[in-house]
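Understanding the architecture of this molecule
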Amino acid sequence: MRHVGRGALEGAALATWHPILAADEPEPGRWRLVDSIGHEYGRVTIVRVDGEVRYRAEFEGALLGWGTTLRGACERVHRAFVRSHGPGDWQGYPDFSHGRK
């Protein structure tokens, strides 16, 4: 096991979990990424694109892109899942001009 070498976490073990561990394969070539309570949040499917093997990455039914590895496609789906829990895109500064007299 590798360990962190600097700062407040010096000597702490690095996590060995990876988003691919959130995937199950209900049928060959199709992986479902599931959250801690078993809800599917993403899907990765192996396909051929122009004769090349690719991994189609989807989050909540929307295409995120095409990966060249299962690992990379799972990471892409998981990043979208994590981002979905935070604030949305920045909407800009609020308009407070209506309060001026």
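Model, not experiment: these values are computed from the prediction. (Residues numbered from 1 in each chain as written. Predicted model: local features only at pLDDT ≥ 70, side-chain atom pairs only at ≥ 80, totals over all residues. Heavy atoms only, no water.)

Describing the overall build of the chain
This is how it is decided: Here a helix means four or more residues in a row that DSSP labels H or I, a strand means two or more in a row labelled E, and each is numbered from the N terminus. Each residue's exposure class comes from its accessible area (1.4 Å probe, protein chains only) as a fraction of the maximum for that residue type: buried when under 20%, exposed when over 50%, partly exposed otherwise. It only takes one pair of heavy atoms within 4.5 Å for two residues to be counted as in contact. We get accessible surface area from the Shrake-Rupley algorithm with a probe of 1.4 Å; when it comes to residues, only the shown protein chains can shield them.
A count of helical and extended segments in the chain gives one helix and five strands. Along the chain direction, N to C, the helices and strands of the chain fall in the order β-β-β-β-β-α. Out of the 101 residues belonging to the chain, those deemed buried represent 25%. At a minimum sequence separation of 6, the contacts of the chain that also span at least 24 residues come to 21%. Of the roughly 7800 Å² of accessible surface on the chain, a fraction of 52% belongs to carbon and sulfur atoms.

With respect to the side chain of Thr45
Relative to the assigned elements, Thr45 resides in strand E3 (residues 40-49). When residues no more than four places from it in sequence are discounted, the contact partners of Thr45 are Gly29, Arg30, Arg54, Tyr55 and Arg56.

Quick notes on the pairing of strand E4 (residues 52-59)
Spelled out, the test is: In this scheme, strands are said to pair when DSSP sees at least two bridges between them.
In this structure, E3 lies alongside E4, joined through eight bridges in antiparallel fashion. Within E4, the residue paired with Thr45 across the bridge is Arg56. Joining the antiparallel neighbours E3 and E4 is a turn of two residues, in which Asp50 adopts a positive phi near 50 degrees. Where E4 meets strand E5 (residues 62-67), five bridges bridge the pair, whose relative direction is antiparallel. Across the sheet, residue Arg56 finds its bridge partner in E5, namely Trp66. Joining the antiparallel neighbours E4 and E5 is a turn of two residues, in which Glu60 adopts a positive phi near 50 degrees.

Keep in mind these numbers describe shape, not what the thing actually does.
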